[in-house]
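# Structural overview for review
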Amino acid sequence: MNDTFLMNDTFLMLGIESSCDETAAAIVAANGTILASEVASQMDIHAAHGGVVPEIAARAHLDAIDMVIDAALATAGIGIEAIDGVAATGGPGLIGGVVVGTVTAKAIATARDIPYYAVNHLEGHALSPRLVAPVTFPYLLLLVSGGHTQLLAVHGPGDYERYGTTMDDAAGEAFDKSAKIMGLGYPGGPAIEQLAVAGNAAGVRLPRPLKGADHCHFSFSGLKTAVATRHAALAGAGDDATPADLAASLQAAIADCLADRARRAMIRFAATHGAATLVIAGGVAANRAIFDRLETEAAEAGFGLVVPPAWLCTDNAAMIAWAALERRQAPDRLDFAPRPRWPLDPDAAPPPGRGVRA
Ligand code: KG4
Ligand code: ZN
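What counts, and at which threshold
Residues numbered from 1 in each chain as written. Chains lettered and ligands numbered in written order. Predicted model: local features only at pLDDT ≥ 70, side-chain atom pairs only at ≥ 80, totals over all residues. Heavy atoms only, no water. Helix = DSSP H or I, 4+ residues; strand = E, 2+ residues; numbered from the N terminus. Expected span 1.5 Å × (residues − 1). Pairing = 2+ DSSP bridges. Axes fitted to C-alpha atoms, helices over the stretch in contact; angles between N-to-C directions. Contact = heavy atoms within 4.5 Å. Donors = N, O, S within 2.8 Å, 3.2 Å for Na, K, Ca; no water. Tetrahedral: all angles 85-135°; square planar, octahedral: opposite > 155°, others 65-115°. Domains from an automatic or database assignment. Buried area = accessible area lost by both parts, 1.4 Å probe. Salt bridge = Lys/Arg side-chain N within 4 Å of Asp/Glu carboxyl O. Polar contact = N/O pair within 3.5 Å; in protein donor to acceptor, adjacent residues only side chain to side chain. Nonpolar A, V, L, I, M, F, W, Y, C, P; charged D, E, K, R; others polar. Buried < 20%, exposed > 50% of the residue type's maximum accessible area, 1.4 Å probe, protein only. Arc of directions from axis to C-beta. Parallel < 35°, antiparallel > 145°, perpendicular 65-115°, else oblique. Left-handed = near helix turned anticlockwise from the far one by under 90°.

It is worth spelling out helix α8 (residues 243-273) at this point. Compared with the 45 Å implied by 1.5 Å per residue over 31 residues, the 44 Å span of α8 between its first and last C-alpha is a close match. Just beyond α8, the residue with positive phi is G274, at close to 80°.

The subject of this paragraph is the sheet that holds strand β1 (residues 12-17). Spatial ordering of the open sheet is given by β3-β2-β1-β4-β5, a layout of five strands whose pairing is mixed. In the strand order of this sheet, the two ends are held by β3 (34-41) and β5 (116-120), each with one partner. Strand-to-strand, the axes of this sheet are offset by a mean angle of 20°, without reference to chain direction. Pairing of strand β2 (residues 22-29) with β3 involves seven bridges; the strand directions are antiparallel. Looking at β3, one finds that E22 is bridged to S41. The sheet strands contacting helix α3 (residues 95-112) are β1, β4 (85-91) and β5, and the helix crosses β4 at an angle near 160°.

Attention shifts here to the coordination of the zinc ion (ligand 2). For the zinc ion (ligand 2), every protein donor is listed as H121 (NE2), H125 (NE2) and D315 (OD), and the spread of their distances is 2.1 to 2.2 Å. Given four donor atoms and angles of 86 to 145° at the metal, the environment of the zinc ion (ligand 2) is assigned as irregular. For the zinc ion (ligand 2), the donor residues sit on a single chain with the sequence spacing H-x3-H-x189-D. Residue H125 is located in helix α4 (residues 121-127), and its partner D315 is located in the loop between α10 (310-313) and α11 (318-327); the two are separated by 190 residues in the primary sequence.

A few words on the domain arrangement of the protein. As far as domains go, the protein holds domain 1 (3-128 + 313-325) and domain 2 (137-307). Of note, the centres of domain 1 and domain 2, computed from C-alpha atoms alone, are 28 Å apart. With 16 residues of domain 1 in contact, the opposing surface of domain 2 contributes 19 residues. Together, the buried faces of domain 1 and domain 2 total about 1,300 Å²; carbon and sulfur atoms form 69% of this surface. Contact with domain 2 buries area across many residues of domain 1, yet L122, A126 and C313 alone supply 37% of it, more than any other trio. Run the count over domain 1 and domain 2 and you get zero salt bridges. Run the count over domain 1 and domain 2 and you get five residue pairs in polar contact (both at pLDDT 80 or more). Of all the secondary structure elements, the ones that give two or more residues to the side of domain 1 that touches domain 2 are α1 (43-47) and α4. Among the elements that take part in the side of domain 1 that touches domain 2, α4 stands out by supplying five residues, more than any other. The class makeup of the residues in the side of domain 1 that touches domain 2 is eight nonpolar, six polar and two charged.

As a further point, take helix α7 (residues 221-234). In this model α7 runs 20 Å from its N-terminal to its C-terminal C-alpha over 14 residues, within 8% of the 20 Å that 1.5 Å per residue would give. Taken together, the buried positions of α7 are L223, K224, A226, V227 and L234. For α7, the buried positions fall inside an angular range of 160° around the axis, keeping them on one side. Opposite its buried face, α7 presents the exposed residues T229 and A232, each directed more than 90 degrees away. Its buried side turned inward, α7 meets α5 (171-181) and α8.

Where α8 contacts helix α9 (residues 288-301), the axes come no closer than 9 Å and their chain directions differ by 25°. When the axis of α8 is compared with that of α9, the two are roughly parallel. The hand of the α8/α9 crossing is right-handed. Within the contact between the two elements, α8 uses Q251, I254, A255, D256, L258, A259, A262, R263 and M266 and α9 uses A289, I290, R293, L294, E297, A298 and A301. Grouping the constituent residues of the contact of α8 with α9 by class yields eleven nonpolar, one polar and four charged.

In C-alpha cells:
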C-alpha cells in the first residue's frame, strides 16, 4: 500500500469524522482548497450527562451523518458524483462512532466505485496546520484535546515520533472533570476560561505534576484531585479564595505543565533538527492563557508558533480529507477494521511505570 497514487489538483476528497462527539463531513481538493466543512455537534445531547456517553454518541452519529454529508455537498455546490475519493476516521476513538463513519464511507466508495481511505484521527490533527499555513516538515506538534495530550515530531505523512503522552487524563479532561466538580457545564474548558477572567491565578495553590521531569510525558489526574479538595474547602471558614480564583489557578497550572513539557520537547527536537515550528492543535488550543504561555515559551526556544483557527483545531472532517490527500497513497481495502486504539508511533517508549493510551 505504499505506491504513490496519482491524484491531480482537482481530485475532490469527501472526509468523514465521527470518532467522538462531532459528526462532520468536508470536501477538500488535493491542492488544499476547502470547498465545505460541516460539523454537527452533539454537545447539547451530552451536556446533561456531564460528558460524552458512547452509546448515545453512536446513535447520534447515525442520525446525523447523512444530513451532514448532504450539507457539505450543498455548501460545495456539487453532487456526490463529483467526489473522487472518500476518507473516514478509522480510529482511534469511540468505536460505535468510528463504525458509523467507516460503514458510510465504504458504502459511498462501493456505490460510486471510488477509492476509500481509513484515516488515523491523530494524523488528521497532526497534518491539519498544513491546510492553512506553509508549515514544512519536520515540525513539533502539541496535540491537546479532550481525549489526547501528546507531543509529536511530525517528519512527514505516516512518519511520527512520539516524544510524550499523558500517563492518565488528557489536558481537556482535566478541564472537563474539574468543571464537573465545580458544578460548571460541559465542556469544561470554555466554562473554566470564562470564570477565570474574574479570578486570581495565584489565589489557590495547585500542584504542577511532572514539572521539571527529564522526559516529555504529562500527568493531569492529580490536578483534578487537588481541585476537588480545594473546591470542598472553598465553602469552609478561613478560606477566602473564590471559585473564580480556583478556575484561574487551575488554568494557570495546566498552562504551566503544558509549557514545561513543550519546552523540554523543543530542546529535544532542536538538538536533532534545529529550532523549527511548534504547532498546537486540539480543542484546548482555543484557550487564551495557554496560547499566551506557549507563545512565550516558543519564542524563548527560537521556535515559531502556529495555532490553526479554532474550527480546524477542534474535531472536523476537513483534516480527515486532507490527511488522506497528503498521504498520496494507494487507497485502503474495504475490509479495513475500525481501530479503537491506533498509536501514530507504535514504537514509542511508554511513560515510566504506567500504561499508555493510543
Ligand atoms: O479537540 P476537541 O474538540 O475534541 C476532542 O477531544 O477530540 O477538544 C475538546 C476539549 C474539551 O475537553 C474541552 O473542554 C476543551 O477541548 N476546550 C478547552 C477550551 N475549549 C475547548 N479547554 C480550555 N479552554 C478552552 N477555551
Ligand atoms: Zn480530536
